[in-house]
Amino acid sequence: MHASAEQVLAADDVLAVIGFADAPAQLDDPRYLRVDLQSDGPTPLEVWRTGAGVRSGRHGALNWSCAQDYLFFSIEVDEQRAGGVAAAAEQAYAEIGGWLETHPLPDARPAHVLRLWNYLDAINEGEGDDERYRQFCRGRARGIVGVARAGYSAATAIGRRDGRRVLQVYGLAAGVAGTAIENPRQVSAWTYPRQYGPVAPTFARATRTGANQLLISGTAAVVGHQSQHVGDTLAQLDETLRNLDSLHAAAGAEIAARGMAASLLKVYLRDPNDKIAVADTLARHRPALSTPLVLFGDICRDDLCIEIDGIQG
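Report on the accompanying structure. Owing to the predicted nature of the structure, the values given are computational and were not obtained by experimental measurement.

Looking now at the environment of A189. On the secondary structure map, A189 appears in the loop between β10 (179-181) and β11 (206-208). Looking at A189, the relative accessible area reads 0%, which means it is buried. Expressed as a C-alpha distance, the spacing of A189 and L167, which sit 22 residues apart in the sequence, is 21 Å. Leaving out residues up to four positions away in the same chain, A189 has contacts with E182, A200, P201, F203 and R205.

Written out as structure tokens, the structure is:
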């Protein structure tokens with residue numbers, strides 16, 4: 001939507017507002033977070049709404065808001081102060097897990113994490129196991145125990161290009177635990193072989209919520225555990241769409257029947273010059289799909305050009 005962040009946050013049913021590069025850098029509201037990913041024009045705000053009576057607050061470095069069955073949280077950790085990106089990831093996840101243990105939903109039920117987003121600068125920088133994404137995975141795995149009490153949730157990890165070495169993590173939790181969904185076309189991320197790093201990524205391909213929504217992880221042109229169509233963005237888009245279809249089918253008949261046309265998607269592109277071709281391909285092959293939000297950033301593998309995540313309503 002195109003109202004200002006301040007205008008949106010004035011409503012008492014707003015659980016969270018995520019802004020992008022043209023949004024205000026900071027607002028004095030725990031429900032707000034800006035992620036410095038660029039688009040090629042004014043970028044709409046991502047607004048999460050729930051029932052009226054949203055409460056919000058801060059707990060150390062962690063911001064939160066909650067109402068009824070849902071809870072939003074976000075945290076930013078300075079990598080230099082933490083001792084590097086791995087230490088920042090461990091700290092962020094340990095703080096989230098510890099906070100979830102002591103801050104239940106309004107009716108005293110514990111909250112279960114359904115979905116996580118991770119954004120960090122220069123995600124592909126570094127060689128071999130020193131790559132920043134691999135280091136992030138190492139730290140996340142050390143800190144995730146309290147976050148993954150009900151198993152791994154859907155997640156996204158994308159590289160910003162702002163030079164700001166601050167790890168941003170935000171997520172959605174609920175009073176009813178979700179069900180992890182895996183893609184039959186892909187190896188589960190946490191079982192990746194050693195070639196992808198000393199610690200495998202710890203996320204599910206999607207989460208099916210208690211309300212029978214599908215929260216889709218960052219999905220790319222990976223079959224089995226291998227990247228496909230290296231250097232060809234449109235071929236990677238086609239493969240990614242096949243993976244999304246497979247995820248919908250794996251999530252059950254009702255979700256499969258709604259399909260991608262019922263999904264709100266974010267498309268992350270490595271090369272801004274690919275935007276028109278990607279938009280044309282989506283419009284041609286998926287005409288019923290809502291217009292996705294396109295953001296420019298780096299994908300967690302340096303041989304991938306495009307990644308898509310989203311929520312099926």
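Text resumes after the structure shown.
Let's shift gears to helix α4 (residues 132-143). Compared with the 16 Å implied by 1.5 Å per residue over 12 residues, the 17 Å span of α4 between its first and last C-alpha is a close match. Elements in contact with the buried residues of α4: α2 (79-82), α3 (85-102), β7 (112-121), β8 (154-160) and β9 (166-174).

Of all hydrophobic cores here, the largest spans 65 residues; its most connected members are F73, F136 and Y170. Counting residues per element, this core draws most heavily on α3, which supplies eight residues. Sequence-distant contacts of F73, defined by excluding residues within four places in its chain, comprise L62, N63, W64, I96, W99, V113, L116, V169, Y170, G171, L172 and A173. The next biggest cluster of nonpolar side chains, apart from the first, holds 21 residues, and it includes L214, V278, L282 and I308.

Glancing now at the pairing of strand β3 (residues 46-49). Residues E46 and W48 line the buried face of β3, whereas the alternating positions V47 and R49 sit on a face that is not buried. Direction of pairing for strand β1 (residues 14-19) relative to β3: antiparallel, over a ladder of four bridges. Among the inter-strand pairings, I18 is bridged to a residue of β3, identified as E46.

So, how was this worked out
Residues numbered from 1 in each chain as written. Predicted model: local features only at pLDDT ≥ 70, side-chain atom pairs only at ≥ 80, totals over all residues. Heavy atoms only, no water. Helix = DSSP H or I, 4+ residues; strand = E, 2+ residues; numbered from the N terminus. Buried < 20%, exposed > 50% of the residue type's maximum accessible area, 1.4 Å probe, protein only. Contact = heavy atoms within 4.5 Å. Expected span 1.5 Å × (residues − 1). Core = buried A, V, L, I, M, F, W, Y, C linked by side-chain atoms within 4.5 Å. Pairing = 2+ DSSP bridges.

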